[in-house]
Amino acid sequence: MFSWVNGDEARKRQPELFMSVVEGLRRIYKKKILPLEEYYMFHDFHSPPLEDADFDSKPMILLVGQYSTGKTTFIRYLLEKDFPGIRIGPEPTTDRFIAVMHTEEGQEGVVPGNALVVDPKKQFRPLAKFGNAFLNRFQVSHVNSPVLESISIIDTPGILSGEKQRVDRGYDFTGVLEWFAERVDRIILLFDAHKLDISDEFRRSIEALRGHDDKIRIVLNKADMIEHQQLMRVYGALMWSLGKVLQTPEVARVYIGSFWDEPLRYDANRKLFEAEEQDLFNDIQSLPRNAALRKLNDLIKRARLAKVHAYIISALRKDMPSMFGKDSKKKDLIKNLGQIYADIEREYQIPSGDFPDLKEMQDKLANYDFTKFHPLKKPLLDAVDTVLAQDIARLVAKIPQEQQAAEHKDTNTSTNELRGGAFETVNESPFGYGRGEGIDAGSYDSDWVVEKDREKYLQIFNSLNPVDGKINGAKAKEEMLKSKLPNTVLGKIWKLSDVDKDGHLDADEFALTMHLINIKIGGHDIPPVLPSHLIPPSKRQGVAAAAAAAATAGASSSR
């Protein structure tokens, strides 16, 4: 049945070659992990088999939150446009799962759930198991947006609270969330600064996301609607509530902001909102670059769970009587499943965190005939051990190479570069984060920004008794230490300020030094490379000539 187990010995000794990380993951799963899953009925207990579309899909972001927390508005804010089926309002408006995905211009529209689950090119086919009640509330909205060339976004129904949560949705809502959580790259939980109460349905939804803590980010939305002091109280209350629900030592990163295009009601926290938005955007923009790493990490978790599942199923089969007392023995085994977990953990040195939820496993086992389970088949387990010990390590080594190759591609065609929408509009204007501030101050001016304080800096420079219009490193150090900045920072400033690299500072370079020190003291970062607008006018010709010479030398050496 499994002919690959007894393959040619020479081929076994030869490591398998993979064209890409994703292609390698696909082959490893189908050849070495899937046989174990099928043999021990893994898909009945945990997750459907992975298909080609699961490996080829773009990174996905899952938005989860109670109604009116701004999930749909958040998507529109990122895309800077509406999508088919969008509905926004204070009451629950999104009553369906909507996958917002890319399409070409002129092909925008909605594809209903029943059509999606028969499309082999989409990764949604396993969702058919949730039935028509769910599929009637599931759709893909195709939008022509450059943002969606690199990612897809899943909007979810607003989670209900109060009396509304008593309404039966007609399908396994938390089960659908679990299915998406296993496959997405990022899970964003949105909270309204006015509504921090976590309803029973929201609590169950968050609990369904356990095991994916590394994917979870929190957004405290509509934060401009309350003043500064109240915002701090709300933030503290949110952290306390999340600590109780997530039950983790460290709560996921919380981003504070207002993700919509209306005027801020209280703008005292504008700087905070801008910084938080930039951090969140950076996190989202990292997803295409790290997509292969995420898929690899998820496959490792799946392989470990498949191994543990095989040990559990085979242990239950081994303890079943061959003739009489099957029903009573089955009940005893289910009741004592915790002890079976402990025995497997001890015998095979498996961490307790790799085991499935005990209560859920007990509930599912009640529906199966243990005599039809298979005993332990070592070659299948050995194949998965090879994956974890050897194959994964080789794929990990390929990831930096692929990331480097992606960086050298044309950014207009590479899907590893998230662009467009809110990710581009602001950054390419004076309203981008940090524009006109700190190191960027003066970038829009025709005059050298240091010139306005040059006279003040010149007085200090002259007091250091320059020789031939320059001061040496010792004298510069004496003055720079007065800033009380760490030596590592001052050393970085020195390297940037010594533009002509002669080991001395002239008046312009000293003025630049003092300007950079004041930028750092003002709470801004110092860049690794001096921006062109900060190069002293007296040095620009020399810097341009040096850059041209370096480019010529580089071109000659590459021939």
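Residues numbered from 1 in each chain as written. Predicted model: local features only at pLDDT ≥ 70, side-chain atom pairs only at ≥ 80, totals over all residues. Heavy atoms only, no water.

**Section: the nonpolar core**
Argument step 1. One finds Phe97, Phe124, Phe180, Leu189, Phe191 and Leu220 to be the most contacted residues of the largest nonpolar core, which totals 49 residues.
Argument step 2. Setting aside anything within four residues of it in sequence, one finds phenylalanine 180 in contact with Leu62, Phe97, Phe124, Leu127, Phe138 and Ile154.
Argument step 3. Counting residues in hydrophobic clusters, the runner-up holds 46 residues, among them Ile28, Val308, Ile340 and Tyr341. (Core = buried A, V, L, I, M, F, W, Y, C linked by side-chain atoms within 4.5 Å. Buried < 20%, exposed > 50% of the residue type's maximum accessible area, 1.4 Å probe, protein only. Contact = heavy atoms within 4.5 Å.)

**A look at the UniProt feature "domain: EF-hand" (unreviewed entry) in the protein chain**
Argument step 1. UniProt feature "domain: EF-hand" (unreviewed entry): in the numbering of this structure it lies at residues 485-520.
Argument step 2. Along residues 485-520 the backbone is 69% helical and 8% strand, and the end-to-end C-alpha distance reaches 8 Å. (UniProt positions renumbered as here; feature names shortened; annotations may be inferred. Helix = DSSP H or I, 4+ residues; strand = E, 2+ residues; numbered from the N terminus.)

**Section: helix α2 (residues 21-39)**
Argument step 1. The end-to-end C-alpha distance of α2, which contains 19 residues, comes to 26 Å, matching closely the 27 Å that a straight helix rising 1.5 Å per residue would cover.
Argument step 2. At isoleucine 33, α2 shows its maximal kink, close to 45°; a proline, proline 35, follows between one and four residues later.
Argument step 3. Counting buried positions along α2 gives 15 out of 19 residues, so the element sits mostly inside the fold.
Argument step 4. The distance from a side-chain oxygen at the start of α2 to the backbone nitrogen of glutamate 23 is 3.1 Å, and the residue carrying that oxygen is serine 20.
Argument step 5. Note on α2: the residue one or two positions beyond its end, methionine 41, has a positive phi of about 55°. (Expected span 1.5 Å × (residues − 1). Bend = angle between axes of the 7 residues up to and from the residue. Polar contact = N/O pair within 3.5 Å; in protein donor to acceptor, adjacent residues only side chain to side chain.)

**Focus: the pairing of strand β4 (residues 138-143)**
Argument step 1. Within β4, six of the six residues are buried, which leaves the element mostly enclosed by the surrounding structure.
Argument step 2. Here strand β2 (residues 97-102) runs beside β4; their pairing, made up of six bridges, is parallel. Bridge assignment links histidine 102 to a residue of β4, and that residue is valine 143.
Argument step 3. Inspection of the sheet shows strand β3 (residues 109-112) paired to β4 by four bridges, in the antiparallel sense. Bridge assignment links valine 110 to a residue of β4, and that residue is serine 141. (Pairing = 2+ DSSP bridges.)

**Regarding helix α10 (residues 228-246)**
Argument step 1. Along its 19 residues, α10 runs 27 Å from first to last C-alpha, staying within 8% of the 27 Å computed at 1.5 Å per residue.
Argument step 2. Those residues of α10 that fall on the buried side of the exposure criterion are Leu231, Val234, Leu238, Ser241, Leu242, Val245 and Leu246. Buried residues of α10, seen end-on, are gathered within an arc of 115° and therefore sit on one face of the element. The outward face of α10, more than 90 degrees from its buried face, is lined by the exposed residues Arg233 and Trp240. (Arc of directions from axis to C-beta.)

**Quick look at the pattern of salt bridges**
Argument step 1. What the rule picks out here adds up to 40 salt bridges.
Argument step 2. Arginine 169 is the partner of glutamate 201 in a salt bridge, and the nearest nitrogen-oxygen pair spans 2.9 Å. Taken as a pair, glutamate 201 in helix α9 (residues 200-208) and arginine 169 in the loop between β5 (152-155) and α8 (173-183) lie far apart in primary sequence, 32 residues in all. There is no split in this pair, since glutamate 201 and arginine 169 are both buried.
Argument step 3. What emerges from the salt-bridge pattern is a single network uniting Lys470, Asp500, Asp502, Asp506, Glu509 and Lys539. (Salt bridge = Lys/Arg side-chain N within 4 Å of Asp/Glu carboxyl O.)

**Considering unusual backbone geometry**
Argument step 1. Not every positive phi belongs to a glycine, and glutamate 80 is a case in point at roughly 60°.
Argument step 2. Positive phi, normally seen in glycine, also occurs at asparagine 465, with a value near 55°.
Argument step 3. Position of asparagine 465 among the secondary structure elements: in the loop between α18 (454-463) and β9 (470-472).
Argument step 4. In this structure asparagine 465 comes out as exposed when scored by relative accessible area, which is 53%.

**Some remarks on the packing of aromatic side chains**
Argument step 1. In the structure shown here, the tally under the stated rule is 24 aromatic pairs.
Argument step 2. A centroid spacing of 6.5 Å and a plane angle of 70° characterise the contact between phenylalanine 45 and phenylalanine 373, whose relative ring orientation is edge-to-face. Here phenylalanine 45 is found in helix α3 (residues 42-45), whereas its partner phenylalanine 373 is found in the loop between α15 (358-365) and α16 (378-407), with 328 residues between them in sequence. Each member of the pair, phenylalanine 45 together with phenylalanine 373, is buried. (Phe/Tyr/Trp six-rings, centres within 6.5 Å; stacked < 30°, edge-to-face > 60°.)

**Details of the packing of helix α12 (residues 291-318) against helix α14 (residues 337-348)**
Argument step 1. At a closest axis distance of 10 Å, the pairing of α12 and α14 adopts a crossing angle of 115°. For α12 against α14, the interelement crossing comes out right-handed. Contacts from Tyr311, Ile312, Ala315 and Leu316 in α12 reach Leu337, Ile340, Tyr341, Ile344 and Tyr348 in α14.
Argument step 2. Residues that form the contact of α12 with α14 fall into these classes: nine nonpolar, no polar and no charged. (Axes fitted to C-alpha atoms, helices over the stretch in contact; angles between N-to-C directions. Left-handed = near helix turned anticlockwise from the far one by under 90°. Nonpolar A, V, L, I, M, F, W, Y, C, P; charged D, E, K, R; others polar.)

**Notes on the sheet that holds β4**
Argument step 1. In space, the eight strands of this open sheet follow the order β3-β4-β2-β5-β1-β6-β7-β8, with mixed pairing throughout. Strands at the two margins of the open sheet, each flanked by one partner only, are β3 and β8 (254-256). With strand direction ignored, the average angle separating the axes of adjacent strands in the sheet is 25°.
Argument step 2. Inspection of the sheet shows β2 paired to β5 by three bridges, in the antiparallel sense. Its bridge partner being in β5, alanine 99 is matched across the sheet by isoleucine 154.

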